[in-house]
Amino acid sequence: MQGLYEDFYKRMHHQLGGEASSLIASLQGPSPISIRIHPEKDNGLFRDATKVSWCSQGRYLKDRPVFTLDPLFHAGCYYVQEAGSMLIESILRDVIGDLKTANVLDLCAAPGGKTTHLISLLSKDCNIICNEIIPGRNKILRHNLAKWGYSNSIVTQNEAKDIANSTVLFDLIVVDAPCSGEGLFRKDPEAIREWSPEQVDVCAARQTNILEDIIPALKPGGYLLYSTCTYEPSENDQQIERLLLHHPFINITPPAPEGIVATTHGWQSFPHKVAAEGFYCCLLQYEGTSSKKVNIEQKFKTDRSFNKGLWLKEPDKFEVVQQEEYLNAATPAILSLTKALARKCYIRQSGLPLGQTKGNDFIPAPELAMSLQLKSDTPACSLQLKEVLHFLRGDSIIAESEMEGWHLINFEGHALGWAKKIRQRWNNYYPKDWRIRMAIPEK
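Computed from a predicted structure; not experimentally measured.

> Any details on the packing of aromatic side chains? Residues and values, ideally.
Two descriptors summarise a pair of aromatic rings, namely the distance from one centre to the other and the angle between the planes of the rings. A full pass over the atoms with the stated rule returns 17 aromatic pairs. Taken together, a centroid distance of 4.9 Å and an interplanar angle of 65 degrees make the contact between Phe8 and Phe185 edge-to-face. One end of the pair, Phe8, is in helix H1 (residues 2-16); the other, Phe185, is in the loop between strand S8 (170-176) and helix H8 (189-194), and 177 residues separate them in sequence. Classification of Phe8 by relative accessible area gives buried; the value is 0%. Relative to Tyr78, the ring of Phe67 lies with its centre 5.9 Å away and its plane at 55 degrees, an arrangement referred to as tilted. Residue Phe67 is located in the loop between strand S3 (58-61) and helix H3 (71-74), and its partner Tyr78 is located in strand S4 (residues 78-80); the two are separated by 11 residues in the primary sequence. There is no split in this pair, since Phe67 and Tyr78 are both buried. An aromatic cluster is defined as three or more aromatic residues linked by ring pairs; in this entry it consists of Phe8, Phe185, Trp195, Tyr231 and Phe270. A cation over a ring is seen here: Lys147 above Phe73, with NZ or CZ 4.0 Å from the ring centre.

> Which residues make up unusual backbone geometry, and what values do they have?
Following Ala110, the chain continues into Pro111 via a peptide bond in cis, with omega recorded as 5 degrees. For Pro111, the location among the structural elements is in the loop between strand S5 (103-106) and helix H5 (113-121). Backbone geometry at Glu412 places phi at a positive 50 degrees, although glycine is not the residue there. For Glu412, the position within the fold is in the loop between strand S20 (405-411) and strand S21 (414-422). The phi torsion at Arg423 lies on the positive side, around 60 degrees, for a residue other than glycine. Mapped onto the elements of the fold, Arg423 is located in the loop between S21 and strand S22 (425-428). For Arg423, a relative accessible area of 57% corresponds to the exposed category.

> Could you give an account of the sheet that holds strand S18 (residues 361-364), with specific residues and numbers?
Spatially, the 4 strands line up as an open sheet ordered S14-S15-S17-S18, and their pairing is antiparallel. Strand pairing shows two members of the sheet lacking a second neighbour, strand S14 (319-323) and S18, which therefore form its edges. Across the sheet, the mean angle from the axis of one strand to that of its neighbour is 35 degrees, orientation sign disregarded. Relative to S18, strand S17 (residues 352-358) is paired through 4 bridges, and the arrangement is antiparallel. Across the sheet, Thr357 pairs through a bridge with Phe362, a residue of S18. Across the sheet, helix H11 (residues 332-342) is in contact with S14 and strand S15 (326-330); its angle to S14 comes to roughly 30 degrees.

> Can you break down the pairing of S14 residue by residue, with the values?
Of the pairings in the sheet, the one linking S14 to S15 comprises 5 bridges and is antiparallel in character. Along S15, the bridge assignment pairs Val321 with Asn328. Hairpin geometry of S14 and S15 is characterised by an intervening segment of 2 residues between the two adjacent antiparallel strands and by a positive phi of about 55 degrees at Glu324.

> Can you explain the pattern of salt bridges? Please cite residues and give values.
In the structure shown here, the tally under the stated rule is 16 salt bridges. The partner of Glu19 in a salt bridge is Lys273, and the shortest N-O contact between them spans 3.2 Å. Note that Glu19 is positioned in the loop between H1 and helix H2 (20-26) and Lys273 in the loop between strand S12 (267-269) and strand S13 (279-286), a separation of 254 residues in sequence. Accessibility expressed as a relative area gives 33% for Glu19, which makes it partly exposed. In this structure, Lys139 and Asp433 form a salt bridge, with 3.3 Å as the shortest nitrogen-oxygen distance. A residue pair is termed long-range when its members are at least 10 positions apart, and Lys139 in helix H6 (residues 135-148) and Asp433 in the segment after S22 qualify at 294 residues. Its relative accessible area of 44% is what places Lys139 among the partly exposed residues.

> Can you break down the side chain of Ser151 residue by residue, with the values?
Structurally, Ser151 can be placed in the loop between H6 and strand S7 (153-156). The class for Ser151 is buried, based on a relative accessible area of 12%. In this structure, Ser151 is in contact with Phe318, Ile334, Gly351, Leu352 and Gln373, ignoring residues within four places of it in sequence.

> Tell me what's going on with the sheet that holds strand S1 (residues 33-37), and back it up with residues and numbers.
The 4 strands are arranged S2-S3-S1-S4 in an open sheet whose pairing can be described as antiparallel. Looking at strand neighbours, the two that pair on one side only are strand S2 (50-51) and S4, the edges of this open sheet. As judged from the 4 bridges shared by S1 and S3, these two strands associate in the antiparallel manner. Paired with Arg36 across the bridge in S3 is Gly58.

> Pulling in residues and values, what's your account of the side chain of Glu235?
Mapped onto the secondary structure, Glu235 falls in the loop between strand S9 (218-228) and helix H10 (237-246). Put simply, Glu235 is tucked away with no salt bridge, and the nearest opposite charge, on Arg11, sits 6.9 Å away.

> So what's going on with the pairing of S17? Which residues, and what values?
Every regular strand shows the same layout, with side chains that alternate between the two sheet faces. Most of S17 is tucked away, with 5 of its 7 residues classed as buried. Note that S15 and S17 share 3 bridges and pair antiparallel. Residue pairing across strands places Ala329 opposite Leu352, the latter belonging to S17. Connecting S17 to the next strand, S18, in antiparallel fashion are 2 residues, including Gly359 with a positive phi near 65 degrees.

> So what's going on with the nonpolar core? Residues and values would help.
Tyr78, Leu354, Leu368, Phe391, Ile409 and Trp418 are the most contacted members of the largest nonpolar core, which has 49 residues in total. In this structure, Tyr60, Leu87, Ile119 and Cys281 belong to the second largest nonpolar core, which totals 39 residues.

Rules behind the numbers
- For every chain, the first residue of the written sequence is number 1, and numbering continues from 1 onward in sequence order.
- Two thresholds apply to this predicted model, a pLDDT of at least 70 for residue-level local features and 80 or more for giving and counting side-chain atom pairs, whereas whole-chain, interface and lining totals are computed over all residues.
- Heavy atoms throughout the structure, all of them, feed into the side-chain values; hydrogens and water do not.
- Stacked, tilted and edge-to-face are the three classes assigned to paired rings of Phe, Tyr and Trp, where Trp is represented by its six-membered ring and a pair needs centres within 6.5 Å; plane angles under 30 degrees give stacked, over 60 edge-to-face, the rest tilted.
- Working definition: helices are DSSP H or I runs of at least four residues, strands are E runs of at least two. Numbering for both runs from the N terminus.
- Remark: exposure states derive from per-residue accessible area (1.4 Å probe, protein chains only) relative to the maximum for the residue type, with buried under 20%, exposed over 50%, and partly exposed in between.
- Comment: the charge-over-ring label is applied if NZ (Lys) or CZ (Arg) is within 6 Å of the ring centre and within 35 degrees of the ring normal.
- One bridge is not enough; two strands pair if DSSP finds at least two bridges between them.
- Where helices are involved, their axes are fitted lines through C-alpha atoms of the stretch in contact, as for all axes, and angles between N-to-C directions lie from 0 to 180°.
- Any two residues having at least one pair of non-hydrogen atoms within 4.5 Å are treated as being in contact.
- Throughout this description, the term salt bridge denotes a Lys or Arg side-chain nitrogen within 4 Å of a carboxyl oxygen of Asp or Glu.
- Neither His nor the chain ends contribute to the count of charged residues, in which Lys and Arg are positive and Asp and Glu negative.
- Here, the term nonpolar core denotes a set of buried Ala, Val, Leu, Ile, Met, Phe, Trp, Tyr and Cys residues that are joined through side-chain atoms within 4.5 Å.

Structure follows, in structure tokens:
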């Protein structure tokens with residue numbers, strides 16, 4: 001351990017002086033367990049848990065449950081998230097009121113913690129574009145968005161420069177930059193194995209490139225929220241110093257919450273000071289101009305034959321469009337943004353996937369099952385814990401219903417997915433990619 005950390009120790013002693021030993025000692029202890037509750041799927045499960053002081057829905061758990069065997073986790077009732085990264089709620093507190101109908105970009109979005117947090121914080125009239133360039137991580141992002149159940153998002157899979165080359169300007173851009181991961185040493189052994197002084201330099205250079213590439217996409221007067229999970233000044237304050245020196249930004253980071261260290265330009269959480277891992281963030285406002293020109297928009301075919309009133313609570317808010325093999329429901333604002341992005345960007349998902357039409361049959365999408373827009377009178381069956389875990393494994397199920405056709409499978413009032421009753425047989429439509437692999441406990 002000592003040999004592995006030697007260069008890191010030196011850097012921390014240079015940065016923190018006498019406090020470095022306390023930081024190092026904290027890294028030998030257990031990592032706090034924290035979750036963030038879905039504000040519209042709260043069932044009181046964590047009512048008595050200790051609150052994360054800087055996040056309204058953040059909670060600390062005394063013990064780590066087996067989340068994989070909790071159906072409410074799969075239903076999106078909460079998100080397992082490191083407490084430090086929840087600081088984005090506090091750092092944005094003074095500008096939320098300016099973002100009533102904002103276009104927001106979460107540039108490095110996977111696995112979805114900050115995206116789902118932003119969706120919960122912002123007005124439902126905001127539009128969230130969440131981007132992840134790595135295909136496998138993009139799939140995880142889309143799964144977590146499905147569990148969160150909102151329909152005001154677009155998922156892209158692009159480099160920053162591709163998004164900046166579109167015609168879209170953003171009111172808020174969140175850059176949770178790829179970093180050396182020092183702040184995750186206690187939580188993730190892989191971060192320790194991958195760390196080196198050379199890797200720090202590589203990450204800092206990558207962060208500079210990402211920031212330079214995405215600045216043209218920021219609206220005049222818009223906000224840039226920059227964050228990392230490292231302690232490295234070259235990846236944190238020095239990135240902000242360079243932005244302030246070379247671009248028309250002003251630093252509007254508010255006073256730090258109790259226990260969070262105010263650095264020269266931003267906030268830093270240290271695990272020896274608060275119950276969190278290492279997290280850095282800073283909020284800037286852009287005072288520059290934009291020279292973007294409008295390009296010709298790509299057209300999407302609107303499907304007016306689909307009866308959206310059979311499935312959606314507020315069908316008049318949405319248009320139904322064909323996107324590859326799926327029918328999707330999108331608001332006019334999301335559809336307009338999709339058209340503007342599509343000439344330069346790879347769109348993985350836009351709005352709410354509704355499902356596929358095969359012959360005379362409509363196969364509803366798993367995302368529709370978990371959507372907050374799904375009609376409350378959709379036929380549903382509630383299963384007990386053991387039975388619903390078998391559903392989540394993709395196993396055969398037995399449910400009670402006199403009706404044939406599509407049914408939601410619920411647990412304690414929260415939807416998980418679809419099953420279809422054909423005479424006396426139930427077909428399980430829970431997606432293969434989402435299924436749990438663990439054995440189901442006998443009791």
